[in-house]
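Chain by chain, the residues run as shown.
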Amino acid sequence: MYWLPILGLAVGVALGLVTNVVIPVAFTSYLSIAILAALDTVVGGIRASLDKTFDSAVFLSGFFTNTLVAALLAYIGNQLGVDLYLAAVVAFGVRLFQNIAVIRRHVFTLIRQRRVARRVASSKD
């Protein structure tokens, strides 16, 4: 099921490249934190898929909830005159890098397992 988050990311990037949407400068901080939250959810979905714990309902609810809460946090911080979005940037950034590290370990483990399987298969011949 790891294809669903990757498919969603690909569709989103393609739509962003094809459409000519101009974002006002006033909304750039909201959009950037929403994109970071969405990217964190996509990478988390890939990790969950590799861990064999992926649940599409959890993925979709997390995607929209994280994105909306992050944008809301940026909005509230803007209204208060405090850069609250930085808290979300740190939280999502840390989670993003942790998930990428776990994905990297999974990939290396799969590569090693395939090498061992090839060696065993070639030694039987």
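From a predicted model like this one, the values you see are computed outputs, not experimental measurements.

Focus on the side chain of T41
So, step 1. Position of T41 among the secondary structure elements: in helix 2 (residues 28–50).
So, step 2. Non-local contacts of T41, meaning those with residues more than four positions away in its chain, are made with F59, G62, F63 and N66.

Overview of a nonpolar patch on the surface
So, step 1. Together, L9, V13, L17, V18 and L39 give the surface a local cluster of nonpolar side chains, amounting to about 490 Å² of exposed area.
So, step 2. It is helix 1 (residues 3–18) that provides the largest number of residues to the nonpolar patch, a total of four residues.
So, step 3. You can see L17 is positioned in helix 1.
So, step 4. Judged by its relative accessible area of 70%, L17 is exposed.

Points about the pattern of salt bridges
Opposite charge on two side chains makes pairing possible when the charged atoms of those side chains draw close.
So, step 1. Taken as a whole and judged by the stated rule, the model has two salt bridges.
So, step 2. With a closest N to O distance of 2.5 Å, D40 and R95 form a salt bridge. Placement of D40 in helix 2 and of R95 in helix 4 (residues 85–124) is noted, with a sequence separation of 55 residues between them.
So, step 3. D40 sits in the buried class, given a relative accessible area of 1%.

Concerning the UniProt feature "transmembrane region" (unreviewed entry) in the chain
So, step 1. When the UniProt feature table is mapped to this numbering, "transmembrane region" (unreviewed entry) covers residues 30–50, 57–78 and 84–103.
So, step 2. Structurally, residues 30–50 is divided into 100% helix and 0% strand, and its ends, taken at the C-alpha atoms, are 30 Å apart.
So, step 3. Taken as a whole, residues 84–103 contains 95% helix and 0% strand, while its terminal C-alpha atoms sit 29 Å from one another.

Analysis parameters
- Counting from 1, residues in each chain are numbered in the order their sequence is written.
- For a predicted model such as this one, the threshold for reporting local features is a pLDDT of at least 70, and the threshold for listing and counting side-chain atom pairs is 80 or more; totals across whole chains, interfaces and linings nevertheless cover every residue.
- Think of the side-chain values as coming from all heavy atoms in the structure, minus any hydrogens and water.
- Numbering of helices and strands starts at the N terminus; helices are DSSP runs of H or I of at least 4 residues and strands are runs of E of at least 2.
- The contact definition used throughout considers only heavy atoms, calling two residues in contact when any of these lie within 4.5 Å.
- Like-charged residues are merged into a patch within 9 Å and nonpolar side chains (Val, Leu, Ile, Met, Phe, Trp, Tyr) within 5 Å, provided each residue has over 30% relative accessible area and no salt bridge.
- All accessible-area figures derive from a Shrake-Rupley calculation using a 1.4 Å probe, and residue coverage is judged against the displayed protein chains alone.
- For salt bridges, the criterion is a side-chain nitrogen of Lys or Arg within 4 Å of an Asp or Glu carboxyl oxygen.
- Each residue is placed in one exposure class: buried if its accessible area under a 1.4 Å probe, protein chains only, is under 20% of its type's maximum, exposed if it is over 50%, and partly exposed if it falls in between.
- UniProt positions are given in the numbering used here, feature names are shortened, and annotations may be inferred rather than shown by experiment.

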